[in-house]
Amino acid sequence: YIRYQQHVLGMDDPEFIAGMMQHAWDNIVRNCAAQTQDVGETSPARMFLDALREMVINGTATIKDLGDQEHLGIPKGMVGYKDSRYYYFLPDVSFSVVCEQYRKKGQEFPGTRLAMMQRMREDGMCVADKDGKPTKGKSINGRTQRYLTVPLHVFDGEGKQQAEQLSIPVDVPDNPFK
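Residues numbered from 1 in each chain as written. Predicted model: local features only at pLDDT ≥ 70, side-chain atom pairs only at ≥ 80, totals over all residues. Heavy atoms only, no water.

(A) Molecular detail of the nonpolar core. Counting 26 residues, the largest nonpolar core has Phe48, Phe89, Met120 and Val150 as the members making the most contacts within it. For this core, the element with the highest residue contribution is helix 3 (residues 44-58), accounting for six residues. When neighbours within four sequence positions are excluded, Val150 is seen to be in contact with Arg85, Tyr86, Tyr87, Phe89, Met120, Met125, Cys126 and Phe155. Grouped together as the second largest cluster of nonpolar side chains are seven residues, Met78, Tyr86, Tyr88 and Tyr147 included. (Core = buried A, V, L, I, M, F, W, Y, C linked by side-chain atoms within 4.5 Å. Buried < 20%, exposed > 50% of the residue type's maximum accessible area, 1.4 Å probe, protein only. Helix = DSSP H or I, 4+ residues; strand = E, 2+ residues; numbered from the N terminus. Contact = heavy atoms within 4.5 Å.)

Structure representation (structure tokens):
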């Protein structure tokens, strides 16, 4: 493209060409940074939530809304509950259905339930109890149980800055076009 502008359009201004080459190099560096960030976001914790979200969307897993007083029964495929602030996932059930979903695709979910939940805690994706355990006790329908407690915005993806512009890292490789 730069050569086209230079030869066909007659734009021989050295400053213009240098600026275009720098712009192209900056885009290459941004793309590399974006790809590196994408790879880093595929942790088992993120994979678990993504798979669970996909299953809820396609109806193979359900989440009971604690505010819904019309439907008091337990829905088929239930993996947890939700209220106005959190999702309360049943740890064993939700992990099992995600692993089963991966097996159906001919893949194995990476890691164990405990390792995945600890990663969620470390990444701030769940609410830990006062002892630092990744599950937290909650009484639902008169029964106290430990749940994997995930804030709504983490599971729903709200507030995620997907359109955030990447800044060029400080350790940018030398531009070979200079």
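(B) The arrangement of unusual backbone geometry in detail. A positive phi angle, near 55°, is found at Asn141, a position not held by glycine. As for its position among the elements, Asn141 is in the loop between strand 4 (136-140) and strand 5 (143-151). Residue classification places Asn141 among the exposed positions, given a relative accessible area of 68%.

(C) Structural detail: the packing of aromatic side chains. On inspection of all chains with the given rule, the structure shows nine aromatic pairs. With 6.0 Å between their ring centres and 85° between their planes, Tyr81 and Tyr147 make a pair best called edge-to-face. A residue pair is termed long-range when its members are at least 10 positions apart, and Tyr81 in strand 2 (residues 78-82) and Tyr147 in strand 5 qualify at 66 residues. Across the pair, Tyr147 and Tyr81 agree in class, each one buried. Through successive ring pairs, a cluster of aromatic residues spans Phe48, Phe95, Tyr102 and Phe109. Over the ring of Phe155 we find Arg53, and its NZ or CZ is 5.3 Å from the ring centre. (Phe/Tyr/Trp six-rings, centres within 6.5 Å; stacked < 30°, edge-to-face > 60°. Lys NZ or Arg CZ within 6 Å of the ring centre and 35° of its normal.)

(D) View of the packing of helix 4 (residues 91-104) against helix 5 (residues 113-122). One can describe the packing of helix 4 onto helix 5 by two numbers: an axis separation of 11 Å at closest approach and a directional angle of 105°. The orientation of helix 4 relative to helix 5 falls into the category roughly perpendicular. Facing helix 4, whose interface residues are Pro91, Asp92 and Phe95, helix 5 presents Arg113, Met116 and Met117. By residue class, the composition of the contact of helix 4 with helix 5 is four nonpolar, no polar and two charged. (Axes fitted to C-alpha atoms, helices over the stretch in contact; angles between N-to-C directions. Parallel < 35°, antiparallel > 145°, perpendicular 65-115°, else oblique. Nonpolar A, V, L, I, M, F, W, Y, C, P; charged D, E, K, R; others polar.)

(E) Molecular detail of the sheet that holds strand 5. Strand order in the open sheet made by the five strands is 1-2-3-5-4, with mixed pairing throughout. Edge positions in the sheet fall to strand 1 (62-65) and strand 4, since each of these pairs with one other strand and no more. Each adjacent strand pair in this sheet contributes to an overall mean axis angle of 45°, direction not counted. For strand 1 and strand 2, the ladder comprises four bridges, and the chain directions are parallel. Residue Asp65 lies in a different strand from strand 2, and its bridge partner there is Lys82. (Pairing = 2+ DSSP bridges.)

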